[in-house]
Amino acid sequence: MAVCTVYTVQSLNSTCSISTPNKTHLGFQQKQVVFYTSSKKSNKRGGGGITCAAADSQTIVIGLAADSGCGKSTFMRRLTSVFGGAAEPPKGGNPDSNTLISDTTTVICLDDYHSLDRTGRKEKGVTALDPRANDFDLMYEQVKAIKDGIAVQKPIYNHVSGLLDPPELIKPPKILVIEGLHPMYDKRVRDLLDFSIYLDISNEVKFAWKIQRDMAERGHSLESIKASIEARKPDFDAYIGIILLPHSLTRCIDVRLLFDHNLPVYPQKQYADAVIEVLPTQLIPDDNEGKVLRVKLIMKEGVKFFNPVYLFDEGSTISWIPCGRKLTCSYPGIKFAYGPDAYFSNEVSVLEMDGQFDRLDELIYVESHLSNISTKFYGEVTQQMLKHADFPGSNNGTGLFQTIVGLKIRDLYEQLTASRAAGSLQATKA
Ligand SMILES: Nc1ncnc2c1ncn2[C@@H]1O[C@H](COP(=O)(O)OP(=O)(O)OP(=O)(O)O)[C@@H](O)[C@H]1O
Ligand SMILES: O=C(CO)[C@H](O)[C@H](O)COP(=O)(O)O
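Residues numbered from 1 in each chain as written. Chains lettered and ligands numbered in written order. Predicted model: local features only at pLDDT ≥ 70, side-chain atom pairs only at ≥ 80, totals over all residues. Heavy atoms only, no water.

Caption draft 1: Inspection of the side chain of Thr 281 at higher detail. Structurally, Thr 281 can be placed in the loop between strand E13 (274–280) and strand E14 (293–300). Here Leu 283 takes part through its backbone nitrogen, which lies 2.8 Å from a polar atom of the side chain of Thr 281. Beyond its immediate chain neighbours, meaning those up to four positions away, Thr 281 contacts Asp 287, Val 292, Leu 293, Arg 294 and Asp 354. (Helix = DSSP H or I, 4+ residues; strand = E, 2+ residues; numbered from the N terminus. Polar contact = N/O pair within 3.5 Å; in protein donor to acceptor, adjacent residues only side chain to side chain. Contact = heavy atoms within 4.5 Å.)

Caption draft 2: The site of ligand 1, seen in detail. Taken together, the neighbourhood of ligand 1 is formed by 14 residues, with Gly 69, Gly 71, Ser 73, Thr 74 and Thr 398 sitting nearest. Lys 72 is positioned with one of its backbone polar atoms (N or O) 3.0 Å from an oxygen atom of ligand 1. Ser 73 is positioned such that a nitrogen or oxygen atom in its side chain is 2.4 Å from an oxygen atom of ligand 1. Compared with its free state, where it exposes 620 Å², ligand 1 has 82% of that area covered by protein. Secondary structure elements with two or more residues in the shell around ligand 1: helix H1 (72–82) and helix H5 (203–216). Ranked by residue count, the leading element in the shell around ligand 1 is H1, at three residues. A per-class count over the shell around ligand 1 returns three nonpolar, seven polar and four charged. (Near = heavy atom within 4 Å. Areas by Shrake-Rupley, 256 points an atom, 1.4 Å probe, with all protein chains shown as cover. Nonpolar A, V, L, I, M, F, W, Y, C, P; charged D, E, K, R; others polar.)

Caption draft 3: Representation of the confidence of the model for the protein. Within the protein, residue pLDDT values average 82, and 81% of them lie at 70 or more. Long-range and interchain partners of residues 1–55, a stretch whose pLDDT sits below 50, account for 117 contacts in this model, where long-range means more than four residues apart. Reported for the predicted complex are a pTM of 0.83 and an ipTM of 0.95. (pLDDT = per-residue confidence, 0-100.)

Caption draft 4: View of the state of the cysteines. Under the defined criterion, the tally for this structure stands at one disulfide. Residue pairing for Cys 323: its cysteine sulfur links by disulfide to Cys 329, the two sulfurs lying 2.2 Å apart. Classification of the bridge connecting Cys 323 and Cys 329 rests on its S-S torsion, roughly -85 degrees, and on that basis the disulfide is left-handed. Residue Cys 70 stays outside any disulfide, its sulfur separated by 13 Å from that of Cys 109, the closest cysteine. Judged by its relative accessible area of 2%, Cys 70 falls in the buried class. Assessed through its relative accessible area of 7%, Cys 109 is described here as buried. (Disulfide = S-S within 2.5 Å. Buried < 20%, exposed > 50% of the residue type's maximum accessible area, 1.4 Å probe, protein only.)

Below, the structure is given as structure tokens:
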């Protein structure tokens, strides 16, 4: 039976959205009247509703893409710490929830949009990386709803049981971070992102981290870890990391699938505003230990409210070995590089660090030579790094660049909010 509803919105300076049982969302201005008809009953995985959010307090959405075990959780802990306050799972909720909530940020894990549980994937012979194991329609609808100020009932994928658990309520935060395998895969979701990051961990390093974690913390054998890495590789290459060429015979079925769904045939990282690339060191010839890392921060030029960080002189090409009187460096030393480059035909600036710090307090010396780092006071990067000295990567470029990206996101959030507030003030005056 068709339902017809009339909404009149009274509040000033607000943007309103309607989440309907037939999954439609509309954005409209205050004092408009909206007619809405639907013949469908509420979707069991998410309900409907109407919410108005002040234009200057809308949620900003950040996407963080990476494979499993690539440091997303660590990055998220660094990011939420920049905003202050600890991030915790929803109070009184499912103990296996993947969500982390702090005063300013809510981090949701896109694994929650798996449409197939562990058994379902096994039966269908697909991995969690495969788009067919994920519900992109629901992902889009719910991220859009949150961005528009509407709370949603988000499903939960339970990593302990491998089942899809009953949903949990997610209220619109100031900053929503969507982290997981596919935040930039579906164009509709990608277009909702105010800023996007890709953690690009080279295979050698990824294997070293995963083996270390899964053996030490999860009791897996070396053979089983290697087997699981190998099993994931084709789908990781196809859907997350590698360029899929249409003429590739071995993967042509995947290309058709992507075209059929109007999805990108190139990897997600080409869309990222910032990429943190982690590679083996070049300071130790033929290093295969994977302990010393070479890390690149690739920053897209021309992104609104995001000014790339630079070393010494913006736009120049710089190579810098800071070891000496002000920075203690043991073998193999530390090397920084900075300069302009091209990345998937985008103009970018790249800041690179190879090596590791001996003394974290001396990082202030390096910090003082970096510009556009969006700190609020001298030494804030060093302070953040010292605060989380026990996090993985705190002595190298992974921790340093994750911290800097966290500060850049805070700055972007503040600029975006200020610009929206200015926009709505103008609209009120007009
Ligand atoms: N910067 C780093 N340097 C060294 N090791 C790291 C770094 N980041 C992460 N690791 C290693 O990788 C493991 C996984 O990190 P983390 O839990 O942050 O990743 P994740 O992407 O959230 O993983 P998952 O998706 O599987 O939960 C850590 O336990 C640690 O061993
Ligand atoms: O790629 C992954 C992202 O975290 C996981 O492997 C996927 O979510 C499936 O989880 P599980 O292995 O617990 O069933």
